[in-house]
Amino acid sequence: MNTLALNIFELIDRLEGSRSLEHSEFVRLLSDDISPDEALYLQHRARFITDRIFGRNVRIRGLIEITNVCRNDCLYCGLRKSNSSLRRYTLTVGEILSCCRLGYEAGFRTFVLQGGENPGLTADRIVETVSAIHKEFADCAITLSLGEWSDNDLELFREAGAARYLLRHETINSAHYSRLHPSEMSRDNRLRCLWTLKRLGYQTGTGIMVGSPFQTVSNIAEDLLFMKELQPEMIGIGPFIPHSATPFAGYNAGNLDLTLRLISILRLMFPGANIPATTALHTLHPQGRDRGLLAGANVVMPNLSPTGIRKQYSLYDNKKSFGAESAEGLAKLASQLEKINLFITTERGDYKNV
Ligand code: 5AD
């Protein structure tokens, strides 16, 4: 093996220049034996690029968790249909609009409608909801995060006014995918949706959980190469956190440093992408959010759901949804961010093509 080519500093510089590496080189960057100096260098390069493109601004998105009903049974997720301990809910169009009104007042110009794959929530109902938000808040971006739909439905949502769509691929490795999901679900259907979203002109988001059971560093390197192909405009990366009512209850949570390192790598690969410091990162570690932003993230997604249902949207244990991660906590968030010289911006915050 050519050891010169595996010098970490050189790899980081090459990643910044060419925006990609070979599989084995990504594995090297993600491996445990990276030194603290090397990790710090990666983080500083990523934050430098983030500053150059976004300044010290942090974009905010109002997250509205519109339903926790889900037909799927993903082994990691607390919303899985086999979890009988949740009170299931679906917000009405009126309730969602009320959330948007509160959010708009607070300064949000992006609304993210997220939910499980609820068979009762028809495409017509989504179209009605998106159209109503689009009409009342013409200057806002509507992001959907509602799982897999037919090409036709995704097109209807786009025509109704949805500009962005989040759909994590979770893992590109088929064998790994089938250990995280029941056999009825297919990685290929997920990919079909992602490529359709791109074709329809959505700003498309994808991503993975870091440290999901059975994940290897080689899998993550494959995910990075897949993302290089897809060219997502948004990337959601958070640690896996076990949920007590799932088959993965006894597994370890993902690693903070590896998650941060991935955020930095993704920033170097996709300089203009919107990359959130996720709630899972903040739930894993009290400084998770701030460290994510300092590692190259540029977005936070405060919770704008009605307070009464937040506990029921239980993706993983102890998920934060009050305090500074809530829309009511925006002033608190702003003052916490100021301490690290970052400032909330209320611009709509589309992808920057750089
Ligand atoms: N830990 C962390 N993230 C999770 N998600 C679902 N379950 C968990 C968990 N236990 C993530 C998935 C999904 C997103 C909405 O939440 O990646 O795409």
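Residues numbered from 1 in each chain as written. Predicted model: local features only at pLDDT ≥ 70, side-chain atom pairs only at ≥ 80, totals over all residues. Heavy atoms only, no water.

A.B. asks: Give me the lowdown on the pairing of strand β4 (residues 141-145), citing residues and values where you can.
C.D. replies: One face of the sheet, then the other: side chains in a regular strand alternate in exactly this way. Counting buried positions along β4 yields five of five residues, so the element is predominantly enclosed. Because side chains alternate across β4, one face comprises the buried residues A141, T143 and S145, and the other comprises I142 and L144, equally buried. As paired elements, strand β3 (residues 110-115) and β4 share five bridges and run parallel to each other. Across the sheet, residue T110 finds its bridge partner in β4, namely A141. The parallel pair β3 and β4, bridged by helix α5 (residues 123-136), forms a crossover whose chirality is right-handed. In terms of strand pairing, β4 meets strand β5 (residues 164-166) through two bridges, oriented parallel. Paired with L144 across the two strands is Y165, which belongs to β5. Read as a crossover between parallel neighbours, the route from β4 over helix α6 (residues 151-160) to β5 is right-handed. (Buried < 20%, exposed > 50% of the residue type's maximum accessible area, 1.4 Å probe, protein only. Helix = DSSP H or I, 4+ residues; strand = E, 2+ residues; numbered from the N terminus. Pairing = 2+ DSSP bridges. Right-handed = clockwise from strand over helix to strand, strands pointing away.)

A.B. asks: Explain the nonpolar core to me, using residue names and the numbers behind them.
C.D. replies: Residues I64, F111, L144 and Y165 are the most contacted members of the largest nonpolar core, which totals 99 residues. Top element by residues in this core is helix α10 (residues 256-269). It accounts for nine residues. (Core = buried A, V, L, I, M, F, W, Y, C linked by side-chain atoms within 4.5 Å.)

A.B. asks: Provide a residue-level description of the packing of α5 against α6, including the pertinent values.
C.D. replies: As a packed pair, α5 and α6 sit with axes 8 Å apart at the nearest point and diverge in direction by 20°. It follows that α5 is roughly parallel to α6 by the angle criterion. The way α5 lies across α6 gives a crossing that is right-handed. Along the contact surface, α5 presents A123, I126, V127, V130, S131 and H134, while α6 presents D153, L156, F157 and A160. Classifying every residue of the contact of α5 with α6 gives seven nonpolar, two polar and one charged. (Axes fitted to C-alpha atoms, helices over the stretch in contact; angles between N-to-C directions. Parallel < 35°, antiparallel > 145°, perpendicular 65-115°, else oblique. Left-handed = near helix turned anticlockwise from the far one by under 90°. Contact = heavy atoms within 4.5 Å. Nonpolar A, V, L, I, M, F, W, Y, C, P; charged D, E, K, R; others polar.)

A.B. asks: Report on the sheet that holds β3, specifying residues and quantitative values.
C.D. replies: Strands sit in the order β2-β3-β4-β5-β6-β7 across an open sheet of six strands; the sheet is parallel. The open sheet has two edge strands with one neighbour each: β2 (62-67) and β7 (234-239). With direction set aside, neighbouring strand axes in the sheet form an average angle of 20°. Strands β3 and β4 of the sheet are contacted by α5, whose axis makes an angle of about 155° with β4. Contacts from helix α8 (residues 187-199) reach β5 and β6 (203-210) within the one sheet, and its direction differs from that of β6 by about 150°.

A.B. asks: Mind laying out the site of the ligand, listing which residues take part and the relevant values?
C.D. replies: Around the ligand lies a shell formed by Y76, C77, R168, E170, M209, P239, F240, I241, L315 and Y316. One of the backbone nitrogen or oxygen atoms of Y76 is found 2.9 Å away from a nitrogen atom of the ligand. R168 places a side-chain nitrogen or oxygen 2.8 Å from an oxygen atom of the ligand. In isolation the ligand exposes 410 Å². Once the protein is present, 87% of that is buried. With respect to the detected pockets, the ligand is housed in the largest cavity. Classifying every residue of the shell around the ligand by side-chain character gives eight nonpolar, no polar and two charged. (Near = heavy atom within 4 Å. Polar contact = N/O pair within 3.5 Å; in protein donor to acceptor, adjacent residues only side chain to side chain. Areas by Shrake-Rupley, 256 points an atom, 1.4 Å probe, with all protein chains shown as cover. 1 Å grid on protein atoms, 1.4 Å probe; cavity = no way out; pocket = protein on both sides within 12 Å on 5 of 7 lines; lining within 4 Å. Sits in = over half its atoms within 2 Å of the grid points.)

A.B. asks: How would you summarise the side chain of T171 if you had to cite specific residues and measurements?
C.D. replies: Among the structural elements, T171 can be located in the loop between β5 and α7 (174-180). Overall, T171 belongs to the buried group, its relative accessible area being 0%. Here the side chain of T171 touches H176 through a polar contact of 2.9 Å, side chain to side chain. Discounting chain neighbours no more than four positions away, the residues touching T171 are H176, Y177, L180, R187, I208 and D223.

A.B. asks: Describe the packing of aromatic side chains, with residues and values.
C.D. replies: This structure, assessed with the given rule, holds nine aromatic pairs. Aromatic pair F248 and Y251: ring centres 5.1 Å apart, planes at 70°, arrangement edge-to-face. What makes F248 buried here is its relative accessible area of 3%. Y251 gets classed as partly exposed once you look at its relative accessible area, which sits at 33%. Taken together through their ring pairs, the aromatic side chains of F214, F240, F248 and Y251 make up a single cluster. Cation over ring: R109 sits above Y104, and NZ or CZ is 3.5 Å from the ring centre. Its end group placed over the ring of F214, R179 keeps NZ or CZ at 3.7 Å from the ring centre. (Phe/Tyr/Trp six-rings, centres within 6.5 Å; stacked < 30°, edge-to-face > 60°. Lys NZ or Arg CZ within 6 Å of the ring centre and 35° of its normal.)

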